[in-house]
Amino acid sequence: QVQLVESGGGLVQAGGSLRLSCAASGVALMINGMGWYRQAPGKQRELVATITSGGTTNYADSVKGRFTISRDNAKYTINLQMNSLKPEDTAVYYCNAEVVSILHKYLEVWGQGTLVTVSA
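Residues numbered from 1 in each chain as written. Predicted model: local features only at pLDDT ≥ 70, side-chain atom pairs only at ≥ 80, totals over all residues. Heavy atoms only, no water.

A. Structural view of the nonpolar core. Counting 31 residues, the largest nonpolar core has L4, W36, V48, F67, L80, M82 and Y93 as its most contacted members. Those elements that place two or more of their residues in this core are β1 (2–7), β3 (18–26), β4 (30–39), β5 (46–51), β7 (67–72), β8 (77–82), β9 (91–100) and β11 (114–119). At 5 residues, β9 tops the list of elements feeding residues into this core. Ignoring any residue separated from it by four or fewer positions in sequence, one finds Y93 in contact with E6, L20, W36, Y37, R38, V48, F67, L80, M82, G113, T114 and V116. (Core = buried A, V, L, I, M, F, W, Y, C linked by side-chain atoms within 4.5 Å. Buried < 20%, exposed > 50% of the residue type's maximum accessible area, 1.4 Å probe, protein only. Helix = DSSP H or I, 4+ residues; strand = E, 2+ residues; numbered from the N terminus. Contact = heavy atoms within 4.5 Å.)

As structure tokens, this is what we get:
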């Protein structure tokens, strides 16, 4: 079974930068798409950025040009470089992975979340 552990959240002033990391561990046949989602207080969880095993990326319009997602397939990690942060980026950020288990089952795995707070 695959587990995801996020790190790198914290408090930053508007205009600043943070880098989030997510490391996958455990046993699986394959990890396909991975990505970052976020959930602000009182709001639904939303997509931030995703990346395929081949490196194709997708971003929410609200973060395009400011955030960059990257992936290291050898280490089963993804990162999210967040620049020019805004107060509206404040949320709990969750790592997500599409996993094919050793039993050939398709699973969606989530991390525990890491809090990002951007002060005005």
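B. Spotlight on the environment of Y106. Inspection of the secondary structure assignment puts Y106 in strand β10 (residues 106–110). With relative accessibility at 69%, the residue Y106 sits in the exposed group. Y106 sits 30 residues away from Y76 along the chain, and the two C-alpha atoms are 17 Å apart. Y106 has contacts with N32, V99 and V100, leaving out every residue within four places of it along the chain.

C. The arrangement of the state of the cysteines in detail. Under the counting rule described, the total for this entry stands at 1 disulfide. Through a disulfide, C22 is tied to C95; the S-S separation comes to 2.0 Å. A torsion of -85 degrees about the S-S bond marks the disulfide between C22 and C95 as left-handed. Remark: C95 occurs in strand β9 and C22 occurs in strand β3; sequence separation between them is 73 residues. There is no split in this pair, since C22 and C95 are both buried. (Disulfide = S-S within 2.5 Å.)

D. Representation of the packing of aromatic side chains in the model. If you walk through the whole model with that rule in mind, you get 1 aromatic pair. Ring geometry for Y37 and W110: centres 5.1 Å apart, planes at 70 degrees, overall edge-to-face. In this pair, Y37 sits in strand β4 while W110 sits in strand β10, placing the two residues 73 residues apart along the sequence. Classification of Y37 by relative accessible area gives buried; the value is 18%. The ring of Y94 is capped by R45, whose NZ or CZ atom sits 3.8 Å from the centre of that ring. Above the plane of the ring of W110 lies R45, whose end atom (NZ or CZ) is 4.6 Å from the centre. (Phe/Tyr/Trp six-rings, centres within 6.5 Å; stacked < 30°, edge-to-face > 60°. Lys NZ or Arg CZ within 6 Å of the ring centre and 35° of its normal.)

Take it as geometry only, folks, not as evidence of what the structure does.
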